[in-house]
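Structural overview for review
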Amino acid sequence: MATNPRNRSAGIGRYSDDPIGYCALGFSWLIVSALGLLPLAEASLHRSPSIAAPIVVAFFIAVGSGAILRRKYSWVGVALHIYSQIAIWLSLFCASLTMVLIWLAP
């Protein structure tokens, strides 16, 4: 499907051929999701779940991927990307930490 050059200059359809942006987006979501499930891995290694390191790593992954995606998307899109990655990490982390605490409760 060919795009109209006039639409391309107006910004319409410019994201369809950006494999690096899609890879950065997918990889950052994969890392943040894995960090959210980290308490389950720590419990299987018989370690107490920590929160400090995953918070720092998740924050820098979200902001770093937002900085990479800034050239392709608007500020609103980047802000929503960062906010949603932190929210998804937090929800996965809390859910997996709850499962670990219930599992290890006497």
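Please refer to the structure placed before this passage.
Below you will find a few notes about this structure. (Residues numbered from 1 in each chain as written. Predicted model: local features only at pLDDT ≥ 70, side-chain atom pairs only at ≥ 80, totals over all residues. Heavy atoms only, no water.)

Some points on the overall build of the chain
Per the secondary structure count, the chain includes 5 helices and 0 strands. Helices and strands in the chain line up, N terminus first, as α-α-α-α-α. For the chain, with 106 residues in total, the buried portion stands at 23%. For the chain, the exposed surface amounts to about 7300 Å²; the carbon and sulfur share of it is 74%. (Helix = DSSP H or I, 4+ residues; strand = E, 2+ residues; numbered from the N terminus. Buried < 20%, exposed > 50% of the residue type's maximum accessible area, 1.4 Å probe, protein only. Areas by Shrake-Rupley, 256 points an atom, 1.4 Å probe, with all protein chains shown as cover.)

Examining helix 5 (residues 75-104)
The terminal C-alpha atoms of helix 5 lie 43 Å apart, and with 30 residues this matches the ideal 44 Å at 1.5 Å per residue to within 8%. All of the buried residues in helix 5 are Val78, His81, Ile82, Gln85, Trp89, Phe93, Ser96 and Val100. In this structure, the buried side of helix 5 is in contact with helix 2 (19-36), helix 3 (38-44) and helix 4 (52-69). (Expected span 1.5 Å × (residues − 1). Contact = heavy atoms within 4.5 Å.)

A closer look at the pattern of salt bridges
Here the structure, examined in full by the defined rule, presents 1 salt bridge. Linking Glu42 and Arg47 is a salt bridge whose minimum nitrogen-to-oxygen distance equals 3.5 Å. When its relative accessible area of 5% is taken as the criterion, Glu42 is described as buried. (Salt bridge = Lys/Arg side-chain N within 4 Å of Asp/Glu carboxyl O.)

Concerning a nonpolar patch on the surface
A contiguous nonpolar patch, built from Ile51, Ile55, Val56, Phe59, Phe60, Val63 and Ile86 and spanning about 590 Å² of accessible area, is present on the exposed surface. Take the nonpolar patch: its biggest share by element is 5 residues, from helix 4. Among the secondary structure elements, Phe59 is positioned in helix 4. (Patch = residues over 30% accessible without salt bridge, like charges linked within 9 Å, V, L, I, M, F, W, Y side chains within 5 Å.)

Examining the packing of helix 4 against helix 5
Two numbers describe how helix 4 lies on helix 5: the axes approach to 9 Å, and their chain directions differ by 155 degrees. Compared by their axis directions, helix 4 and helix 5 come out roughly antiparallel. Note on packing geometry: the crossing formed by helix 4 with helix 5 is right-handed. From helix 4, Pro54, Ile55, Ala58, Phe59, Ile61, Ala62, Val63, Ser65, Gly66 and Leu69 reach across to helix 5, where they touch Val78, His81, Ile82, Gln85, Ile86, Trp89 and Phe93. A per-class count over the contact of helix 4 with helix 5 returns 13 nonpolar, 4 polar and no charged. (Axes fitted to C-alpha atoms, helices over the stretch in contact; angles between N-to-C directions. Parallel < 35°, antiparallel > 145°, perpendicular 65-115°, else oblique. Left-handed = near helix turned anticlockwise from the far one by under 90°. Nonpolar A, V, L, I, M, F, W, Y, C, P; charged D, E, K, R; others polar.)

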